[in-house]
Amino acid sequence: MLEVAVATYGMLASFVLSGAERNRRAERPNPPMLEYTAFGLCAVSTAAAIALPVWAAANYAGLV
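All of the points below concern the structure found in this document. These numbers were taken from a predicted model, which means no experiment stands behind them. (Residues numbered from 1 in each chain as written. Predicted model: local features only at pLDDT ≥ 70, side-chain atom pairs only at ≥ 80, totals over all residues. Heavy atoms only, no water.)

## Considerations on helix α1 (residues 2-25)
- Helix length check: α1, at 24 residues, gives a terminal C-alpha distance of 35 Å against a target of 34 Å (1.5 Å per residue), a fit within 8%.
- All buried positions along α1 are accounted for by Ala13, Val16, Gly19 and Asn23.
- Looking at the buried residues of α1, the elements they touch are α2 (32-60).
- Immediately downstream of α1, the backbone of Glu27 shows phi near 55°, a positive value. (Helix = DSSP H or I, 4+ residues; strand = E, 2+ residues; numbered from the N terminus. Expected span 1.5 Å × (residues − 1). Buried < 20%, exposed > 50% of the residue type's maximum accessible area, 1.4 Å probe, protein only. Contact = heavy atoms within 4.5 Å.)

## Description of the environment of Cys42
- Along the chain, Cys42 falls in helix α2.
- A C-alpha to C-alpha distance of 11 Å links Cys42 and Val16, two positions 26 residues apart in sequence.

## Overview of the packing of α1 against α2
- Two numbers describe how α1 lies on α2: the axes approach to 10 Å, and their chain directions differ by 135°. In terms of axis orientation, α1 runs oblique to α2. Crossing of α1 against α2: the hand is left-handed. When α1 is examined against α2, the residues Tyr9, Leu12, Ala13, Phe15, Val16, Gly19, Ala20 and Asn23 are found in contact with a partner set consisting of Leu34, Thr37, Ala38, Leu41, Val44 and Ser45. (Axes fitted to C-alpha atoms, helices over the stretch in contact; angles between N-to-C directions. Parallel < 35°, antiparallel > 145°, perpendicular 65-115°, else oblique. Left-handed = near helix turned anticlockwise from the far one by under 90°.)

## So, the pattern of salt bridges
- Applying the stated criterion across every chain, the model contains two salt bridges.
- Between Glu21 and Arg24 there is a salt bridge, and its shortest N-O distance comes to 2.7 Å. Remark: Arg24 and Glu21 occur in helix α1; sequence separation between them is three residues, near one turn of the helix.
- Relative accessible area serves as the criterion here: at 55%, Arg24 is assigned to the exposed category.
- In this structure, Glu21 engages Arg25 in a salt bridge whose closest nitrogen and oxygen atoms are separated by 3.3 Å. Taken as a pair, Glu21 and Arg25 lie in helix α1 at a separation of four residues, close to a single helical turn.
- Since its relative accessible area comes to 29%, Glu21 is described here as partly exposed. (Salt bridge = Lys/Arg side-chain N within 4 Å of Asp/Glu carboxyl O.)

Right, dumping it as structure tokens:
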């Protein structure tokens, strides 16, 4: 299941970055859906950056 989540995250990140770069070169604004997806990926990254060290510390302390 983790592999599916990582693959989905990677595909979405690739789509967002390539779309934003293409729009920057064409000097046009990004569509709202592209921005919403980028914000969602940012939220997932932030949540993982907070949750994974907490989980690792709890695992090291024997709480999990």
